[in-house]
Amino acid sequence: MGKKNDREERGGTRRDFLKLAATGAAAVSMAAPQAAEALEFDLETFLQKHFRRMSDEELEALIQRLERKYEQKYGKEFNVKATGPVDDVLFGYGLDVSRCIGCRRCVHACVEENNQSRDPEIHWIRVLEFEREAVVRGVNLEEGDAYFENPVQPAPGKMYLPIACMHCEESPCTNVCPTGATWEEPDGIVAIDYDWCIGCRYCIAACPYGARHFNWSEPTLSAEEINPDIHIIGNKPRTKGVVEKCHWCMQRVRDGRYPACLEACPVGARKFGNMLDPESEIRYVMENKRTFVLKSELGTKPKFFYFF
Amino acid sequence: MTAKEQGEGSAGEYHPPSNQLGTWVVLGAAFLMVLSLFSVRMSQDPNSSRDYPSRTLPPGPPASLMAEPEMDEDYWPCSDCHEGEVTNFKVREMTEEHENRAEFSHGTNWCLDCHDAKDRDSLHLSNGELVSFDETWRLCTQCHSNKLADWRAGVHGKQTGHWRGKKEYWSCIACHDPHNITPAFKPIEGKPRPRCPDELTVDGNQWNKDMCRSISKGHATHEARDPEQGEKEDGHGQEE
């Protein structure tokens, strides 16, 4: 709430001007190299309203249009949706660092669920490997190795820390976005309207967790690989030049299901639920376990808690 | 001055490259068009929040227990062999049958602390109450009572399905082998690591794995920090 008011108080004219300038410049610099290959230019998409400004009818029309488009492109049935948040829900996530074995099943389940590009490869979850001895003195993310390979997991003497979007309450990424293409939803999920992202990558620079990823070239995703259960501001297939990141499987959790990474975890280290519900797993974690968040000194207030 | 006059006039004194002005006009017009299109988009304030309709999800049925693993058909029912036999309480290596239990390890326990001597088709609690093979958690949590609260809350172990709606508890033996608990969770094979962003070049060099590794550790040097680990590496991502 407070945040939204702040934004409004900052006033219209100056902000609008800056945005205009930024987008104008971006349009000129981006249009040139893209023009040749990617200009299957689609005026409807270009003129598409911001997700948060669309009326229900416009949203319905967009859903129809996208379903037609994807069915044509991939030759199978799609279920495109724009499911809203559930009342009285604020999501939170917990991860048991003492049980994580670094097997990366969550990473690959996420790729499959959320239609990440296979080539170039994009992983929303990065699993860092640390020396157990070093971690006792404090977690220094710089020391983590995201490229480890071992015959079996866990390797002796190591511990693991999977990192993805922290869905911060004070999210620096949403504050710097010049087009308002990324924001925090009422249920706490930090979402992206991919059609409004202009690829300026300010958010990538602002995110202290390296959770945002940029599509440097056209993502590839085959018809068999694509997950046809699609949320417009969730796992909708991305295009070249936009930023993407974890959205806590919006297409699943807003229907009451667990995120894909949680279900894939063989040791049960991942916990997800409604922080406003005293009966939920995440509340139990917060009340009974030792929890910590990463880079708490930055005041970003992550809703992703590590516990042990 | 009409367009015609202007055209005639310029034809006389204006020499190639005469199309330069035209290019600029076209470019300028195009730029203005792009700008105006963007201002159409900008006139919609994205920061005003969406009016979502009120939505609820029903709580769903009480959580259920995941089906316990099926018993080996050759072994079930256990009473086929064990009916009326003389029970051998001796701690020993199984040689005649159940050879796969040879490497038994579970603290100070032995078979008949869990399996019932008279009714082999059941397990038992310490007070003698029989527990079916479909409720093994009752057995486990009798001794591991410190895990019970966590497991009930869905925090030790795992639940799948719905955070709101139907959810399923995983039973203890889905993750732990009661006959061999060292280590508590058997190591498993890891999934492929991320590939290096090899489509990028840095200082004219294609990225390679060692650079990936060192960059990920915050040292943008060309040498791997841990050469021993570097050697163990193989395949995947070794793109030159």
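Residues numbered from 1 in each chain as written. Chains lettered and ligands numbered in written order. Predicted model: local features only at pLDDT ≥ 70, side-chain atom pairs only at ≥ 80, totals over all residues. Heavy atoms only, no water.

J.: Looking at this structure, I do not really get the overall build of chain B. What am I missing?
T.: Regarding its fold elements, chain B presents eight helices and seven strands. The buried share of chain B, taken over its 240 residues, is 27%. Relative to all contacts within chain B whose residues are 6 or more apart in sequence, the contacts with residues 24 or more apart total 44%. A total accessible area of about 16000 Å² is found for chain B, and carbon and sulfur atoms account for 56% of it. (Helix = DSSP H or I, 4+ residues; strand = E, 2+ residues; numbered from the N terminus. Buried < 20%, exposed > 50% of the residue type's maximum accessible area, 1.4 Å probe, protein only. Contact = heavy atoms within 4.5 Å. Areas by Shrake-Rupley, 256 points an atom, 1.4 Å probe, with all protein chains shown as cover.)

J.: Explanation requested: the pairing of strand E12 (residues 304–307) of chain A in the structure shown.
T.: Each regular strand displays side chains that alternate between the two surfaces of the sheet. All names here are of chain A. Side chains of E12 alternate between two faces, with Phe304 and Tyr306 and Phe305 and Phe307 buried alike. Two strands pair when backbone bridges link them, and strand E2 (residues 91–96) and E12 are joined in this way by four bridges, in the parallel orientation. The residue bridging tyrosine 93 from the neighbouring strand is phenylalanine 304, located in E12. As paired elements, strand E11 (residues 291–292) and E12 share two bridges and run antiparallel to each other. Counted as the bridge partner of phenylalanine 292 is tyrosine 306 from E12. (Pairing = 2+ DSSP bridges.)

J.: Hey, could you run me through the pattern of salt bridges in this one?
T.: Two side chains of opposite charge can pair, provided their charged atoms sit close to one another. For the structure shown, the criterion picks out 20 salt bridges over all chains. For glutamate 244 of chain A, the salt bridge identified is with arginine 238 of chain A, shortest N-O distance 2.9 Å. Each of Lys81, Asp229 and Asp255 of chain A together with Arg55 of chain B takes part in salt bridges that share partners, so that together they form one network. (Salt bridge = Lys/Arg side-chain N within 4 Å of Asp/Glu carboxyl O.)

J.: Looking at this model, I keep getting lost on the pairing of strand E4 (residues 158–163) of chain A. Mind explaining?
T.: Residues and elements named next belong to chain A. Burial of E4 is extensive: six of the six residues sit out of reach of the surface. Here E4 shows a buried face lined by Lys158, Tyr160 and Pro162 and a second buried face lined by Met159, Leu161 and Ile163. The pairing of strand E3 (residues 126–131) with E4 spans six bridges and is antiparallel. Bridge assignment links phenylalanine 130 to a residue of E4, and that residue is methionine 159.

J.: In this structure, what is going on with the packing of aromatic side chains? I would like to understand it.
T.: Two aromatic rings are characterised by how far apart their centres lie and by the angle between their planes. In total, this model carries 19 aromatic pairs over all chains according to the counting rule given. With a centroid separation of 5.7 Å and an interplanar angle of 65 degrees, the aromatic rings of tyrosine 93 of chain A and phenylalanine 272 of chain A are classed as edge-to-face. Placement of tyrosine 93 of chain A in strand E2 and of phenylalanine 272 of chain A in strand E10 (residues 270–274) is noted, with a sequence separation of 179 residues between them. A relative accessible area of 1% places tyrosine 93 of chain A in the buried class. Residue classification places phenylalanine 272 of chain A among the buried residues on the basis of a relative accessible area of 0%. A ring pair is formed by phenylalanine 292 of chain A and tyrosine 306 of chain A, whose centres lie 5.5 Å apart and whose planes are at 20 degrees; its orientation type is stacked. Separated by 14 residues along the polypeptide, phenylalanine 292 of chain A in strand E11 and tyrosine 306 of chain A in strand E12 bring together distant segments of the chain. Residue placement shows arginine 104 of chain A over the ring face of phenylalanine 148 of chain A; its charged tip is 4.0 Å from the ring centre. Lying across the ring of tryptophan 170 of chain B, lysine 158 of chain B places its NZ or CZ 4.1 Å from the centre. (Phe/Tyr/Trp six-rings, centres within 6.5 Å; stacked < 30°, edge-to-face > 60°. Lys NZ or Arg CZ within 6 Å of the ring centre and 35° of its normal.)

J.: Help me understand the domain arrangement of chain A in this model?
T.: Interface size is commonly expressed as the accessible area that is lost once the parts come together. Residues and elements named next belong to chain A. According to the domain assignment, chain A consists of domain 1 (2–81) and domain 2 (84–308). Across the contact, 27 residues belong to domain 1 and 32 residues belong to domain 2. Interface area for domain 1 against domain 2, summed over the two sides, is near 2600 Å², with a carbon-plus-sulfur share of 56%. Joining domain 1 to domain 2, the criterion identifies two salt bridges. In this structure, aspartate 229 engages lysine 81 in a salt bridge whose closest nitrogen and oxygen atoms are separated by 3.0 Å. Along the contact surface separating domain 1 from domain 2 lie 14 residue pairs in polar contact (both at pLDDT 80 or more). (Domains from an automatic or database assignment. Buried area = accessible area lost by both parts, 1.4 Å probe. Polar contact = N/O pair within 3.5 Å; in protein donor to acceptor, adjacent residues only side chain to side chain.)

J.: What should I look at first to understand the sheet that holds strand E4 (residues 159–161) of chain B in this one?
T.: Residue and element names in this part refer to chain B. The three strands are arranged E1-E5-E4 in an open sheet whose pairing can be described as mixed. Each edge of the open sheet is held by one strand with a lone partner, namely strand E1 (64–65) and E4. Of the strand pairs in this sheet, E1 and strand E5 (residues 167–169) are connected by two bridges, and their pairing is parallel. Residue pairing across strands places serine 64 opposite glutamate 168, the latter belonging to E5.

J.: Sorry if this is basic, but what is going on with the environment of valine 135 of chain A here?
T.: Residues and elements named next belong to chain A. The residue valine 135 is located in helix H6 (residues 132–136) in this model. Considering only alpha carbons, one finds valine 135 and methionine 275, 140 residues apart in sequence, at a separation of 28 Å. Those residues within four positions of valine 135 in sequence are excluded, and the remaining contacts are Phe130 and Met159.

J.: Quick question: what am I supposed to make of the state of the cysteines here?
T.: A covalent bond bridging the sulfur atoms of two cysteines is what the word disulfide describes. Residues and elements named next belong to chain A. Throughout the structure, instances matching the rule amount to zero disulfides over all chains. Free cysteine: cysteine 103, not disulfide-bonded; nearest cysteine sulfur from cysteine 265 at 6.4 Å. Of the residues examined, cysteine 103 reaches a relative accessible area of 7% and is grouped as buried. (Disulfide = S-S within 2.5 Å.)

J.: Is there a simple way to explain the environment of valine 243 of chain A in this structure?
T.: Residues and elements named next belong to chain A. Structurally, the position occupied by valine 243 is in strand E9 (residues 243–244). Linking valine 243 and methionine 286, residues 43 residues apart in sequence, is a C-alpha distance of 31 Å. Excluding anything up to four places from it in sequence, valine 243 contacts Ile192, Tyr194, Cys197, Arg201, Cys203, Ile204, Arg212, His213 and Phe214.

J.: When you look at the sheet that holds E12 of chain A in this model, what are you seeing that I'm missing?
T.: Strand pairing within a sheet occurs via backbone hydrogen bonds; the two strands may be parallel or antiparallel. Residues and elements named next belong to chain A. Spatially, the four strands line up as an open sheet ordered E10-E2-E12-E11, and their pairing is mixed. Looking at the sheet topology across the chains shown, the edges are occupied by E10 and E11. Here E2 runs beside E10; their pairing, made up of five bridges, is antiparallel. Along E10, the bridge assignment pairs glycine 94 with lysine 271. The sheet contacts of helix H11 (residues 281–288) involve E2, E10, E11 and E12, and relative to E10 the element is tilted by about 110 degrees. (Axes fitted to C-alpha atoms, helices over the stretch in contact; angles between N-to-C directions.)

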